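Spelled out, the chains give:
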Amino acid sequence: MGSLVQLFNEWETQLLVLLSLALQMYLFFTGSLRRQSTNTFMRISIWIAYSGADLVAIYVLGLLSRHEEATIGMCASMGLHPLAFFWAPFLLIHLGGQDTITAFAVEDNKLWLRHWLDLVMQVGLALYVFWKSTGRHNVQLLVPGILLFVAGIIKYGERMLAQKYGSLENMRGFIDEEYVQKLPQLNRADGYSGMVCFSLHSAPGLRDLFAGCNLSQMQRSRVLTQLSRDERLLPKCIEIELALLYDDLYTKAVVLRTRSGIILRCISQICSMVALALFFLVSNKQRYSRADVVITYVLFMGGLFLEVCTIFIFLRSPWTWAWLEAHKYQRFSRISLSLLSSYIGWPERKPLWSNSMGQFNFLGSLSGSGQPRSCKRRAMMLIKNMMRLAGTKKENLFWINRLLDTKHIKVDNEVMESVLHGACILGEELLETSTPRQWPNLGPFLEQLQLFAAGFGNAIVLLYVFTEAHLSKYPPLDLPDSIDAAEAQEVLRMVDVCQKLSNYVLHLFVNQSEMLPISGSVQSMLEQYLQVDTTKVEVNSEQPNPAPNSVVSVFQPCKETLEEFRDLWIRLVVYIAGKSSPELHAAQLGRGGELLTFLWLHMAHYGLGDVGRRIELTNTTFFGVRQVYVFYVPEKSQQNE
C-alpha cells in the first residue's frame, strides 16, 4: 500500500493534467447534446465534468505553485529537469472552456462579473508558476510557453465574454444588427435555407423577447409577426430560433460572430501551432523525462484536435453560412450549407430540441393505484412501498413519487398540431374573425370552476381529476353502432391527446410549478382532491359557493364531450404558455427544451401572451379592450336566448 501511495504521489501531476484534457474533450463532444436530450444521466455527467474540469485545473495550478517537489517527482532522482511547469499555460487554456459549453445554467451567466475576477487570479497564478521555473530552463522552451500563455488568456477571455453576452440583462440590442444588415434577402421559395434565413432575421427580436421585452418595446417585432404568415414553415423556424438562442446562452457562438472575436481566435490558434512547432523543432527535449515529453505532446495534439473540430462547428453555423452567402462566396457557402444540413449540423428532418414532454400520473402516483406493467415500474412500486413501511414522512414520500413517477415521451404530430392550432384559434378570436368557443356539455362544470377562490392550482387539480374519471370510460361501449372505424380512431386519438396534455400540465404543476401562475403548496393542493368521488355526486349550479369535494360532474362518453375536454386542456396549455416567464424558458433550453417554450415562442409570433395581447382565463373586459380568453361562459341572458 505504501508503494502505491508513493507511486501516485510521483505521478499525481501528470495524471491530473491528463484528466483535465480528458474532461475538456468530454465537454466538447457532449456539451451541445443536452440541447436535444432530457436524459438525466447525461445531464448529471455533463454537470460533473463541467464543475470538475475547473476544479482539477485550479488544483493542479495550486499544486505546481505551492509544492515544487510536485513538479519534480522522480525526475530529480534521474538527473532530469521537470517539465511540469510548461503545463501551466495548457491548464489556462483548459480553464477557457470549450466552444460547445461556456455555461451549464443561466445562473452561470449572471455571475459573469465575478468570473472576471477569477480570470485575473488564475492567470496570475499560472504566470507565477511559469515565472518560478524560468531560471532552470532555456529560452527555447520559454518562447513556446509565452505563446501558449497568449492563447490561454484569449481562450479564457472568450469564455468570460460569452457569459457576459449570454446573461439575459445584456441580451437586448447586442451585435446582431451588424450581421442582420448583411444577411441574404428573405425568400420563401428557398426551402430549408429560406427558413434558416427567416430565423436569422428574427434573432435580434428573439433576444429582446428573452431579455424580458414585450412586442411593443421591440424595434424588430415586425419580423417576428411576419413569420406567422406561413404556418407551414413556422414550426421549423421556431426550432432554429431556439437552437440559435441556445448557442447564444450556453456556447461561444455569440463571441465568434464578431470581427474581434474571429481575429482573436485566429491569433490563439496561430500561437498554439507556432508553440508546437518550436517545441518539436527547437527545444532540447533530452533534458526532460520521456514521460513528461509524451504528455506534453498529448496536450498539444489534443488541443490541436479540438481546434480543428471547432473550425467545423464554426463552418456549420447558420451565421457563417449567411455571411458567406451575403458576400457572394458561393463555393464556401455551399460547403457551409451542406455541413449545416448534414447529420452533424442542424438537419431539416431532425428535431433541434428534445421534442419531448413530461408526464406525471398524479392519481396513480399518490394513491398507488394501477398495476405496474414493466420491471422498471415494479421496481418503483417496490421502493415506494418499502418507504411507506419504513415510516417515511409524507413530504419525503411525495418527493420520491415526483422522482420515480415522472417520465418523458415524444411530442407526436397530433399533440403538436393540436396545441399550435389551439393558439391560432385564440388568435382568430382576438381578431374577431371567429366566435368564442362554446361548451354545451361542459358549460355547467365551467361555471362551477369559476367560483373557486382558492386559485388556479386547485382548478388544475380538479379538472385533472374529472378528466381522468371521464377518460376511464373510453373506449365507450355504448356508442352508436353506426359509428365507423375512422370515427372510432378519431375518438381514440382525442383520448390520447387529452391524456398526454393533462399529464403534461400535472408534470409542470408538480415538477416545474414556477412556470405556472400559481401560489401555495403543490402537495397540499394535490392531496386535497384525492378523496373526490367522481361517480356519485352531480353538478349543482344553483349552489352559490360549493365546497371542492362536492363539485363533481358525470358526463356520458361521446365524441362531442371528449372534444370539449381535449380543447379545454389545449387552451389551458396555451394560457400557461402565455403567462410563463422568458427567464424560465431560457433555463429550459439547457435541459433539452420544453413544449411550453416552443408554444410560447409560437404565440409571440402571433402577438399572443403576456409579450403581446394577454390571454385571460375567463371572459372579462379590461378598460373596454377586447380580451382573448380560454374559457368563455355565456351570460345567463345569453343562455336563455
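Residues numbered from 1 in each chain as written. Predicted model: local features only at pLDDT ≥ 70, side-chain atom pairs only at ≥ 80, totals over all residues. Heavy atoms only, no water.

**Student:** What am I meant to see in the overall build of the chain here?
**Tutor:** For the chain, the helix and strand inventory stands at 26 helices and four strands. The proportion of buried residues among the 641 residues of the chain is 52%. Sequence separation of at least 24 residues holds for 79% of the intrachain contacts in the chain that already meet a minimum separation of 6. Carbon and sulfur atoms make up 59% of the accessible area of the chain, which amounts to about 29700 Å² in all. (Helix = DSSP H or I, 4+ residues; strand = E, 2+ residues; numbered from the N terminus. Buried < 20%, exposed > 50% of the residue type's maximum accessible area, 1.4 Å probe, protein only. Contact = heavy atoms within 4.5 Å. Areas by Shrake-Rupley, 256 points an atom, 1.4 Å probe, with all protein chains shown as cover.)

**Student:** Honestly, the state of the cysteines in this entry has me stumped. Any pointers?
**Tutor:** Here is the idea: a disulfide is a covalent bond, and it sits between the sulfur atoms of two cysteines. In total, this model carries zero disulfides according to the counting rule given. No disulfide involves Cys237; its sulfur sits 9.9 Å from the nearest other cysteine sulfur, which is in Cys197. Overall, Cys237 belongs to the buried group, its relative accessible area being 1%. (Disulfide = S-S within 2.5 Å.)

**Student:** Explain the pattern of salt bridges here, please?
**Tutor:** Side chains bearing opposite charge may pair, as long as their charged atoms lie close to each other. Counted under the stated rule, the structure contains 18 salt bridges. Where Arg265 meets Asp99, a salt bridge forms, and the shortest distance between an N and an O atom there is 2.9 Å. Of this pair, Arg265 sits in helix α11 (residues 259-281) while Asp99 is found in the loop between α3 (88-95) and α4 (106-110), placing the two residues 166 residues apart along the sequence. Exposure class is identical for Arg265 and Asp99. Each is buried. Each of the salt bridges in this network shares a partner with another, and the network as a whole consists of Asp99, Glu158, Lys252 and Arg265. (Salt bridge = Lys/Arg side-chain N within 4 Å of Asp/Glu carboxyl O.)

**Student:** How should the environment of Ala22 be read in this particular structure?
**Tutor:** Summarising the element assignment, Ala22 is placed in helix α1 (residues 2-30). Taking C-alpha positions, Ala22 is 9.5 Å from Ala49, a pair spaced 27 residues apart along the chain.

**Student:** For this particular structure, what's the right way to read the environment of Leu209?
**Tutor:** Its location among the elements puts Leu209 in helix α8 (residues 192-210). Residues Leu209 and Val611 lie 402 residues apart in sequence; the distance between their C-alpha atoms is 7.7 Å.

**Student:** How should I be thinking about the packing of α8 against helix α10 (residues 234-250) in this particular structure?
**Tutor:** Packed helices, taken two at a time, are described by their axes: the angle between them and the distance between them. Here α8 crosses α10 at 55 degrees, and the two axes come no closer than 8 Å. By the criterion of interaxial angle, the relationship of α8 to α10 is oblique. Crossing hand, α8 versus α10: right-handed. Only Lys236, Cys237, Ile240, Glu241, Leu242, Leu244, Leu245 and Asp248 of α10 make contact with α8, whose side of the interface consists of Tyr192, Met195, Val196, Phe198, Ser199, Leu200, Ser202, Leu206, Arg207 and Phe210. When its residues are assigned to classes, the contact of α8 with α10 shows 12 nonpolar, two polar and four charged. (Axes fitted to C-alpha atoms, helices over the stretch in contact; angles between N-to-C directions. Parallel < 35°, antiparallel > 145°, perpendicular 65-115°, else oblique. Left-handed = near helix turned anticlockwise from the far one by under 90°. Nonpolar A, V, L, I, M, F, W, Y, C, P; charged D, E, K, R; others polar.)

**Student:** Quick question: what am I supposed to make of the packing of helix α18 (residues 413-430) against helix α23 (residues 559-579) here?
**Tutor:** It is the contact of α18 with α23, at a shortest axis distance of 9 Å, that shows an interaxial angle of 75 degrees. Viewed along their axes, α18 and α23 adopt a mutual orientation that is roughly perpendicular. Contacts from Ser418, Val419, Gly422, Ala423, Ile425, Leu426 and Glu429 in α18 reach Ile570, Arg571 and Val574 in α23.

**Student:** Just checking my understanding: could you explain a nonpolar patch on the surface for this structure?
**Tutor:** Nonpolar side chains collect at one region of the surface, where Ile146, Val150, Ile263, Leu264 and Ile267 lie side by side and expose about 390 Å² of accessible area between them. Those elements giving two or more residues to the nonpolar patch turn out to be α6 (139-166) and α11. At three residues, the largest contribution of residues to the nonpolar patch is made by α11. As for its position among the elements, Ile263 is in helix α11. (Patch = residues over 30% accessible without salt bridge, like charges linked within 9 Å, V, L, I, M, F, W, Y side chains within 5 Å.)

**Student:** Which parts of the structure should I look at to understand the pairing of strand β1 (residues 356-360)?
**Tutor:** Along any regular strand the residues' side chains alternate between the sheet's two faces. Most of β1 is tucked away, with five of its five residues classed as buried. The two faces of β1 match: Ser356, Gly358 and Phe360 on one face and Met357 and Gln359 on the other face are all buried. Two strands pair when backbone bridges link them, and β1 and strand β2 (residues 406-410) are joined in this way by five bridges, in the antiparallel orientation. Following the sheet pairing, Phe360 is matched in β2 by Thr406. (Pairing = 2+ DSSP bridges.)

**Student:** What exactly am I supposed to notice about the packing of aromatic side chains here?
**Tutor:** Two descriptors summarise a pair of aromatic rings, namely the distance from one centre to the other and the angle between the planes of the rings. Inspection of the entire model under this criterion finds 16 aromatic pairs. Measuring from centroid to centroid gives 5.0 Å for Phe28 and Phe29, while their planes differ by 80 degrees, and the two rings are edge-to-face. Looking at Phe28, the relative accessible area reads 4%, which means it is buried. Here the aromatic rings of Phe86 and Phe90 are separated by 6.1 Å at their centres, their planes lie at 75 degrees, and the arrangement is edge-to-face. Among the aromatic residues, ring-to-ring pairing joins Phe85, Phe86, Phe90, Phe279, Phe280, Tyr297 and Phe300 into one connected group. (Phe/Tyr/Trp six-rings, centres within 6.5 Å; stacked < 30°, edge-to-face > 60°.)

**Student:** Would you take a moment to explain helix α13 (residues 318-326) for this structure?
**Tutor:** Residue pairs spaced three or four apart in an α-helix point in one direction, given the helix's 3.6 residues per turn. Turning to α13, its buried residues number three or more, namely Pro318, Trp319, Thr320, Trp321, Ala322 and Leu324. Of the residues trailing α13, Lys328 is marked for its positive phi of about 65 degrees.

**Student:** Explanation requested: unusual backbone geometry in the structure shown.
**Tutor:** Negative phi values dominate among residues other than glycine, just as trans dominates among peptide bonds. One non-glycine residue, Lys328, lies in positive phi territory at about 65 degrees. Along the polypeptide, Lys328 turns up in the loop between α13 and α14 (330-341).

**Student:** How should the nonpolar core be read in this particular structure?
**Tutor:** Proteins that are soluble and globular tend to have nonpolar side chains buried together. In this structure, Phe210, Leu501, Phe509 and Leu599 are the most contacted members of the largest nonpolar core, which totals 82 residues. Examining the composition of this core, we find that 12 residues originate from one element, helix α21 (residues 485-511), more than from any other. One finds Val60, Leu142, Leu148 and Tyr156 within the second-largest nonpolar core, a separate group that totals 49 residues. (Core = buried A, V, L, I, M, F, W, Y, C linked by side-chain atoms within 4.5 Å.)

**Student:** Just to check I follow, could you spell out the confidence of the model for the chain for this structure?
**Tutor:** For any part of a model where pLDDT is low, the fine detail of the predicted coordinates should not be relied upon. Per-chain confidence: the chain averages 80 in pLDDT, with 74% of residues scoring 70 or above. Looking at the elements of the chain, mean pLDDT is at its lowest for helix α26 (residues 636-640), recorded as 49, and at its highest for helix α24 (residues 582-589), recorded as 94. Across residues 620-625, confidence stays below pLDDT 50; counting only partners more than four residues off in sequence or on other chains, it has three contacts. (pLDDT = per-residue confidence, 0-100.)

**Student:** Please clarify how the environment of Ala151 should be interpreted in this entry.
**Tutor:** Locating Ala151 in the fold gives a position in helix α6. On the accessibility criterion, Ala151 (0% relative accessible area) is buried. A C-alpha to C-alpha distance of 8.5 Å links Ala151 and Arg265, two positions 114 residues apart in sequence. Leave out the neighbours within four places in its chain, and Ala151 touches Ile93, Ser268, Cys271 and Ser272.

**Student:** Where do I start with the side chain of Gln24 in this structure?
**Tutor:** Tracing the chain through its elements places Gln24 in helix α1. Within the local environment of Gln24, its side chain forms a polar contact with the backbone oxygen of His94, the two atoms lying 3.1 Å apart. Excluding its chain neighbours within four sequence positions, the residues that come into contact with Gln24 are Ala53, His94, Gly97 and Gln98. (Polar contact = N/O pair within 3.5 Å; in protein donor to acceptor, adjacent residues only side chain to side chain.)

**Student:** What's the story with the side chain of Gln163 in this structure? I'm lost.
**Tutor:** One can find Gln163 in helix α6. For Gln163, the side chain forms a polar contact with the side chain of His115, separated by 2.4 Å. With residues up to four places along the chain from it excluded, the contact list for Gln163 reads Tyr50, Thr102, Asp108, Asn109, Trp112 and His115.

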